[in-house]
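One-letter residues, chain by chain:
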Amino acid sequence: RGKRAFIAGVADDNGYGWAIAKSLAAAGAEILLGTWVPALNIFETSLRRGKFDESRVLPDGSLMEIKKVYPLDAVYDTPEDVPEDVKANKRYAGSSNWTVKEVAESVKQDFGTIDILVHSLANGPEVTKPLLETSRYGYLAAVSASSYSFISLLKYFAPLMNPGGATISLTYIASESIIPGYGGGMSSAKAALESDTRVLAFEAGRKHRIRVNTISAGPLRSRAAKAIGFIDMMIDYSLENAPLQKELSAEEVGNAAAFLASPLASAITGAVVYVDNGLNAMGVGV
Ligand code: NAD
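Residues numbered from 1 in each chain as written. Predicted model: local features only at pLDDT ≥ 70, side-chain atom pairs only at ≥ 80, totals over all residues. Heavy atoms only, no water.

### A closer look at the site of the ligand
Next, step 1: The environment of the ligand is made up of 27 residues, and the closest members are Tyr16, Ala74, Lys190, Leu220 and Ser222.
Next, step 2: One of the side-chain nitrogen or oxygen atoms of serine 222 is found 2.6 Å away from an oxygen atom of the ligand.
Next, step 3: Starting from 820 Å² of accessible surface for the ligand in isolation, the protein chains cover 93%.
Next, step 4: When contributions to the shell around the ligand are tallied by element, the ones reaching two or more residues are strand E5 (161–171) and helix H8 (223–228).
Next, step 5: Sorting elements by how many residues they give to the shell around the ligand places H8 first, with three residues.
Next, step 6: The residue makeup of the shell around the ligand, split by class, is 17 nonpolar, seven polar and three charged. (Near = heavy atom within 4 Å. Polar contact = N/O pair within 3.5 Å; in protein donor to acceptor, adjacent residues only side chain to side chain. Areas by Shrake-Rupley, 256 points an atom, 1.4 Å probe, with all protein chains shown as cover. Helix = DSSP H or I, 4+ residues; strand = E, 2+ residues; numbered from the N terminus. Nonpolar A, V, L, I, M, F, W, Y, C, P; charged D, E, K, R; others polar.)

### A word on the packing of aromatic side chains
Next, step 1: Applying the stated rule across the entire model yields seven aromatic pairs.
Next, step 2: Judged by centre distance (5.4 Å) and plane angle (55°), the rings of tryptophan 18 and phenylalanine 52 are tilted. Here the residue tryptophan 18 occupies a position in helix H1 (residues 16–26), and phenylalanine 52 occupies one in the loop between helix H2 (37–48) and strand E3 (66–72), the gap between them amounting to 34 residues.
Next, step 3: Residue classification places phenylalanine 52 among the buried residues on the basis of a relative accessible area of 3%. (Phe/Tyr/Trp six-rings, centres within 6.5 Å; stacked < 30°, edge-to-face > 60°. Buried < 20%, exposed > 50% of the residue type's maximum accessible area, 1.4 Å probe, protein only.)

### Some points on the environment of alanine 271
Next, step 1: With respect to the helices and strands, the residue alanine 271 is situated in the loop between helix H10 (250–261) and strand E7 (272–275).
Next, step 2: Sequence spacing of alanine 271 and glutamate 247 is 24 residues, and the spatial spacing of their C-alpha atoms is 24 Å.

### Looking at the environment of isoleucine 235
Next, step 1: Position of isoleucine 235 relative to the elements: it lies in helix H9 (residues 231–241).
Next, step 2: In the structure, isoleucine 235 is positioned 35 residues away from leucine 200 in sequence and 31 Å away in space, judged by C-alpha atoms.
Next, step 3: Ignoring sequence-local partners within four residues, the contact set of isoleucine 235 consists of Pro219, Leu220, Arg221 and Glu247. (Contact = heavy atoms within 4.5 Å.)

### Quick notes on the packing of helix H5 (residues 100–111) against helix H6 (residues 136–157)
Next, step 1: Two elements in contact, H5 and H6, have axes separated by 9 Å at closest approach and are oriented at 35°. Regarding H5 and H6, the two cross each other, and that crossing is right-handed. Taken together, the residues of H6 that come into contact with H5 (itself represented by Val100, Lys101, Val103, Ala104 and Val107) are Ser152, Leu153, Tyr156 and Phe157. (Axes fitted to C-alpha atoms, helices over the stretch in contact; angles between N-to-C directions. Left-handed = near helix turned anticlockwise from the far one by under 90°.)

### Structural notes on the packing of H6 against helix H7 (residues 186–208)
Next, step 1: Interaxial distance between H6 and H7 falls to 9 Å at its minimum, and their mutual angle equals 20°. Between H6 and H7, the crossing angle belongs to the class labelled roughly parallel. Between H6 and H7 the crossing geometry is right-handed. Taken together, the residues of H7 that come into contact with H6 (itself represented by Tyr139, Ala142, Val143, Ser146, Ser147, Phe150, Ile151 and Leu154) are Met186, Ser188, Ala189, Ala192, Leu193, Asp196, Leu200 and Ala204.
Next, step 2: Of the residues belonging to the contact of H6 with H7, the class tally is twelve nonpolar, three polar and one charged. (Parallel < 35°, antiparallel > 145°, perpendicular 65-115°, else oblique.)

### Section: H9
Next, step 1: Considered for burial, the residues of H9 that qualify are Ile231, Met234, Ile235, Ser238 and Asn241. Down the axis of H9, the smallest arc covering the buried residues is 150°, so these residues share one side. The outward face of H9, more than 90 degrees from its buried face, is lined by the exposed residues Met233 and Glu240. (Arc of directions from axis to C-beta.)

### Remarks on the sheet that holds strand E6 (residues 211–217)
Next, step 1: With respect to topology, seven strands assemble into an open sheet ordered E3-E2-E1-E4-E5-E6-E7, the strand pairing being parallel. Only two strands of the sheet have a single partner each, and these edge strands are E3 and E7. Neighbour-to-neighbour, the strand axes of this sheet turn through a mean angle of 20°, independent of strand direction.
Next, step 2: Across four bridges, strand E1 (residues 4–8) lies against strand E4 (residues 114–119) in parallel orientation. By the bridge assignment, isoleucine 7 is partnered in E4 with valine 118.
Next, step 3: Packing against the sheet, H10 makes contact with E4, E5, E6 and E7, and its axis sits at approximately 165° to E6. (Pairing = 2+ DSSP bridges.)

As structure tokens, this is what we get:
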């Protein structure tokens, strides 16, 4: 049987989540997506109208099939955690069962088990503010959406995962080196995500025999990255300074994720894997 993957954090065809879905589909995996509730309508409409058909083309010429799209808001674990104003919000009221626990239950009902869990989501409401100007609310919101969301997904999906399964998240070098402009506590959130990758690799490895890794990806002009405001500068900086002087494609990150999710990587867990044209290895710009 082919593998089944649940990829959280796909709402268009520009980001890393979409590219990872494609690489996994090309390797024969069945694709389930978790899409942020407020973005669900436009994503499903665009899918249905064929707006993504060009980017659904796989190397063998066939189109990536998306088996099912689940609404998801990864900052809420259970229905009891959802505040009244969010429940009443028109965009949320139109969907149901989108807390992490409920999505895991729905996937279990629909498909029984999965083999691969991908976390490709982040959100920091104050990302454009320097850390020194970040509010407590903004900081905690960044960690909730970008780091705890992975713990929550793993907690509720691990019982559905077949032994030998793999999980992957996406991180950024700002966790360990100063990247001015990556603010709002997002650097802290990525540091937490990387540390959690190690601890969860131990816990989930022992308890469920699954692997936990994170990919530290170079800059990509995704929707989320454009919202930060400095992505073009980061891409230019990488082109100028990285060992490999080429633009990083989302597909290169997708392919690394497919490797990490496969039995070829069966002894790799608790790792931060750099897919960034080698930029992380530089000490100074040249
Ligand atoms: P993206 O916009 O394609 O993906 C982010 C997704 O997160 C969006 O689909 C958004 O709808 C979703 N999301 C936000 N809050 C959510 C929530 N509460 N619940 C569920 N979904 C939610 O952008 P991307 O840049 O491909 O981001 C994917 C991952 O890659 C993120 O973790 C990001 O930090 C990481 N990353 C990106 C870059 C880059 O340069 N683009 C570099 C390194 C790491």
